[in-house]
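# Notes for the structure review
Listed below, chain by chain, are the residues.
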Amino acid sequence: MNVLVVHSPDIAAFPPVRTLVSVLAENGHHVTVLTRNRENIYFPDPSRIRIIPLPENKYHGLFRIFNYINRVRFLRREFDREMPKNDIVWTTTDSTVRELKGRVLKYKHIMQLMELIEDIPEVPPFQFKNVNLKKYARQAYKVVVPEYNRAHIQKTWWDLKETPKVLPNKPVEERIDRSKIPPEATEIMDKLKGEKRKIILYQGVFGVDRNFELFAEAFKGVSDKYVFCLLGPDNDYRKQLCARYPFIQYLGYLPPPYHLIITSYAYATLLTYLPSRNCGHQSVLNALYCAPNKIYEYAKYGIPMIGNDVPGLQLPFDKYGIGFIYHGKGTREMRAILDKIEADYQKIGENCRQFYNDTDLYQIVEDILS
């Protein structure tokens, strides 16, 4: 099958989209990808993948709207040129549907959502009205989301006849070219090798929807045996966090898949999500039903997890026994969690690997296409 994957943002920032493209190719499909591609993205089977890069930003400040206009114009022109050669179009975000509009209604369309979103505003100067995403969802061949609860919420919001399919955010196996390991990765590894304490690792983005403050004081109280480390793209929020809690160690940033080299050094890992009304057009429920690819990366290495009390973490933790929920009760509760991890470390690691192996992305993608 020939599949046109349309992803209007930068593909480097969306691991689940890179995974989708890889799975489609490894399943024997020919994949054309319309996307922003600022980084050298690795694919296991590049012979079946063709990338058409969208224009990058040229304008700044008040003129940024011209970046969007240029990109949408190019996107639509290339879509009209490429789609007749393909059997199906697979859009990956709500903004991609907004930019293609009625063009997707002419074809067999799989509509994937990365976040929990009821609707999305039009772009300036038309932000006083919404796109009406449910119109496109109702006419799509399939709607795809990354988590079970989100599937039923989207079905209810949009009054869909079928429940959306669930495609978990499990990454594909990525071969790491040891000859291309960035020097900063070697520096981080050397630092961690010299660390006498056990490493509690967070990998990902830093923002108000991650609720690090909930954990900071608790980790401060166990810093005699454990060190809390952060790995991810730097920003002001991270700097402010480490200024308030200087015992937290910032390791820096490594582009995928090289961040996985650091994952294996962790004794335990952190997942944290805070529902917020300051997340743009995403639903306030979005963080409750988190569906992180990190949970699979951590599980692959058999590393126990610690998370906050949201259904998206509580449910897999309870079902598979891969982690523990911290309720914000301070150092005593955190020490109890870490004691449980120490007491049953091998079994939790086995549970993590079972959780990882139970998700067959290749079969799920074929079921969605069929």
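Structure's up top.
So, here is what we can say about the structure in this document. (Residues numbered from 1 in each chain as written. Predicted model: local features only at pLDDT ≥ 70, side-chain atom pairs only at ≥ 80, totals over all residues. Heavy atoms only, no water.)

## Considering the overall build of the protein
- Of the regular secondary structure elements, the protein holds 14 helices and 13 strands.
- A globule of 370 residues ought to have a C-alpha radius of gyration of about 21 Å, and the protein, at 21 Å, matches this closely.
- Oriented by its inertia axes, the alpha-carbon framework of the protein measures out at about 60 × 45 × 45 Å.
- Within the protein, the proportion of its 370 residues that are buried is 53%.
- Accessible surface for the protein amounts to roughly 17,100 Å². Of this, 50% is attributable to carbon and sulfur atoms.
- Seen as two clouds, the 52 positive and the 43 negative side-chain charges of the protein have centres 4 Å apart. (Helix = DSSP H or I, 4+ residues; strand = E, 2+ residues; numbered from the N terminus. Rg over C-alpha atoms; globule rule 2.2 N^0.38 Å. Buried < 20%, exposed > 50% of the residue type's maximum accessible area, 1.4 Å probe, protein only. Areas by Shrake-Rupley, 256 points an atom, 1.4 Å probe, with all protein chains shown as cover. Lys, Arg positive; Asp, Glu negative; His and termini not counted. Charge placed at Lys NZ, Arg CZ, Asp CG, Glu CD.)

## Overview of the packing of helix H1 (residues 15-26) against helix H14 (residues 361-369)
- The contact between H1 and H14 brings their axes to 10 Å, and the two run at 80°. Classed by the angle they form, the pair H1 and H14 counts as roughly perpendicular. Taking contact as the criterion, the partners of Thr19, Leu20, Val23, Leu24 and Glu26 in H1 are, on H14, Leu361, Tyr362, Val365 and Leu369.
- Per-class residue counts for the contact of H1 with H14 are seven nonpolar, one polar and one charged. (Axes fitted to C-alpha atoms, helices over the stretch in contact; angles between N-to-C directions. Parallel < 35°, antiparallel > 145°, perpendicular 65-115°, else oblique. Contact = heavy atoms within 4.5 Å. Nonpolar A, V, L, I, M, F, W, Y, C, P; charged D, E, K, R; others polar.)

## Considering helix H5 (residues 148-158)
- The complete set of buried residues in H5 reads Arg150, Ala151, Ile153, Gln154 and Trp158.
- Where H5 is buried, its residues meet strand E5 (109-112), helix H4 (133-139), strand E6 (142-145) and strand E7 (165-166).
- In the stretch just after H5, Asp159 is the one whose phi turns positive, near 55°.

## Quick look at the nonpolar core
- In terms of nonpolar packing, the biggest core is built from 44 residues, with Phe212, Phe228, Leu230, Ile295, Met305 and Leu313 touching the most fellow members.
- By size, the runner-up hydrophobic cluster in this structure holds 27 residues, among which are Val89, Val131, Tyr136 and Val143. (Core = buried A, V, L, I, M, F, W, Y, C linked by side-chain atoms within 4.5 Å.)

## Some points on the packing of aromatic side chains
- Per the stated rule, a full pass over the model turns up 14 aromatic pairs.
- Judged by centre distance (6.2 Å) and plane angle (40°), the rings of Phe212 and Tyr237 are tilted. Taken as a pair, Phe212 in the loop between strand E8 (198-203) and helix H7 (213-220) and Tyr237 in helix H8 (residues 236-244) lie far apart in primary sequence, 25 residues in all.
- The class for Phe212 is buried, based on a relative accessible area of 0%.
- Where Tyr320 meets Phe355, the ring centres are 5.0 Å apart and the plane angle is 75°; that geometry is what we call edge-to-face. Taken together, the residues Tyr320 in helix H11 (residues 311-320) and Phe355 in helix H13 (residues 345-357) connect sequence positions 35 residues apart.
- Looking at Lys170, its charged tip hangs above the ring of Tyr356, at a distance of 4.0 Å from the centre. (Phe/Tyr/Trp six-rings, centres within 6.5 Å; stacked < 30°, edge-to-face > 60°. Lys NZ or Arg CZ within 6 Å of the ring centre and 35° of its normal.)

## Comments concerning the pairing of strand E11 (residues 268-271)
- Side chains of E11 alternate between two faces, with Ala268 and Leu270 and Thr269 and Leu271 buried alike.
- In terms of strand pairing, E11 meets strand E12 (residues 305-308) through three bridges, oriented parallel. Considered in E12, the bridge of Leu271 is made with Gly307. (Pairing = 2+ DSSP bridges.)

## Remarks on the sheet that holds strand E4 (residues 88-91)
- In space, the seven strands of this open sheet follow the order E3-E2-E1-E4-E5-E6-E7, with parallel pairing throughout. At either end of the open sheet lies a strand with only one pairing partner, and these are strand E3 (49-53) and E7.
- With three bridges connecting them, E5 and E6 associate as parallel partners. The residue of E6 that forms the bridge with Ile110 is Lys142.

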